[in-house]
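Single-letter residue listing:
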Amino acid sequence: KLKDVDEVAYVRFASVYRQFENDFLTLTQPCKVPFQLAQQAYDCDYLILGSDQIWNPQFNGNEDVWFGNIEHFKGNKATYAASSGSDKLNIEQEKIFKKQLTHFKAFGIREEALAKSLNSIVDTDIPLSVVLDPTLMVNPQIWESMFNYKPKGKYILVYQARKCDELFNIAQKA
């Protein structure tokens, strides 16, 4: 039988993340609309956009803010582990990306296929690298310490970036 460990894992992860946040990050207040983001980003030197699914039109549309086009922002822009949720950009996305990504200083892209697509549409003088998912950059012991659930016998591990009850139900029946 599968056990949903989301809540236990979240509590442990949140504690570790909050410590990291307090030690290393200077954060703005949460922004719920582009206007608030414009206010917060005004004094920033760099805007680093990412990561997973930031350019996926199914989740975020093609709004300018996801490409760092923020009113009054004059700093530099880069991406880290940016993803579009697809192996290939369609013609409409290529046009949007070509227009939106002209003022970036660097690209860190999660998927090799997206990096190849971007290489063909953005200025080749802008550094572009395929980078590791940030969740995989930490010592594995950090992840192991968050979970004390040890399954007995055969099991199916279901990893989901966004919770999908249907997938979970299918795995339970398997």
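Everything numeric in this text was worked out from a predicted model, so none of it was measured.

Criteria and cut-off values
- Residues numbered from 1 in each chain as written.
- Predicted model: local features only at pLDDT ≥ 70, side-chain atom pairs only at ≥ 80, totals over all residues.
- Heavy atoms only, no water.
- Helix = DSSP H or I, 4+ residues; strand = E, 2+ residues; numbered from the N terminus.
- Buried < 20%, exposed > 50% of the residue type's maximum accessible area, 1.4 Å probe, protein only.
- Polar contact = N/O pair within 3.5 Å; in protein donor to acceptor, adjacent residues only side chain to side chain.
- Pairing = 2+ DSSP bridges.
- Lys, Arg positive; Asp, Glu negative; His and termini not counted.
- Salt bridge = Lys/Arg side-chain N within 4 Å of Asp/Glu carboxyl O.
- Contact = heavy atoms within 4.5 Å.
- pLDDT = per-residue confidence, 0-100.
- Arc of directions from axis to C-beta.

### Examining the environment of D23
Argument step 1. With respect to the secondary-structure elements, D23 resides in helix α1 (residues 6–24).
Argument step 2. Taking relative accessible area as the criterion, D23 reaches 47% and is therefore assigned partly exposed.
Argument step 3. Taking the C-alpha atoms as reference points, D23 and V131, separated by 108 residues in sequence, lie 24 Å from one another.
Argument step 4. There is a polar contact of 3.0 Å between the side chain of D23 and the side chain of Q19.

### A look at the pairing of strand β1 (residues 46–49)
Argument step 1. Every second residue of β1 is oriented toward a common face, the buried set being L47 and L49 and the non-buried set Y46 and I48.
Argument step 2. Of the pairings in the sheet, the one linking β1 to strand β2 (residues 76–79) comprises four bridges and is parallel in character. When the sheet's bridge partners are listed, L47 is paired in β2 with K77.

### Some words on the side chain of K77
Argument step 1. Note that K77 resides in strand β2.
Argument step 2. In this structure, K77 is buried with no salt-bridge partner, the nearest side chain bearing the opposite charge being D64 at 9.4 Å.
Argument step 3. Within the local environment of K77, its side chain forms a polar contact with the side chain of N69, the two groups lying 3.3 Å apart.
Argument step 4. Beyond its immediate stretch of four places on either side in the chain, K77 contacts Y46, L47, F67, G68, N69, H103, F104, K105 and A106.

### Considerations on the confidence of the model for the protein
Argument step 1. Taken over all residues, the pLDDT of the protein has a mean of 81, while the share at 70 or more is 91%.
Argument step 2. Taken element by element, the protein is modelled with least confidence in α1, mean pLDDT 69, and with most confidence in strand β3 (residues 107–109), mean pLDDT 94.

### Notes on helix α5 (residues 112–119)
Argument step 1. For α5, every residue scored as buried is listed here: L114, A115, S117 and L118. Looking straight down α5, one finds that the buried residues subtend no more than 160 degrees of arc, so they occupy a single side.
Argument step 2. Lining the buried residues of α5 we find α4 (91–100), β3 and β4 (128–130).

### Examining the pattern of salt bridges
Between side chains of opposite charge, a pair can form as their charged atoms come close.
Argument step 1. Applying the stated criterion to the full structure yields one salt bridge.
Argument step 2. Measuring nitrogen to oxygen at the nearest pair gives 3.2 Å for the salt bridge that ties R110 to D133. Residue R110 is found in the loop between β3 and α5, and its partner D133 is found in the loop between β4 and α6 (140–146); the two are separated by 23 residues along the sequence.

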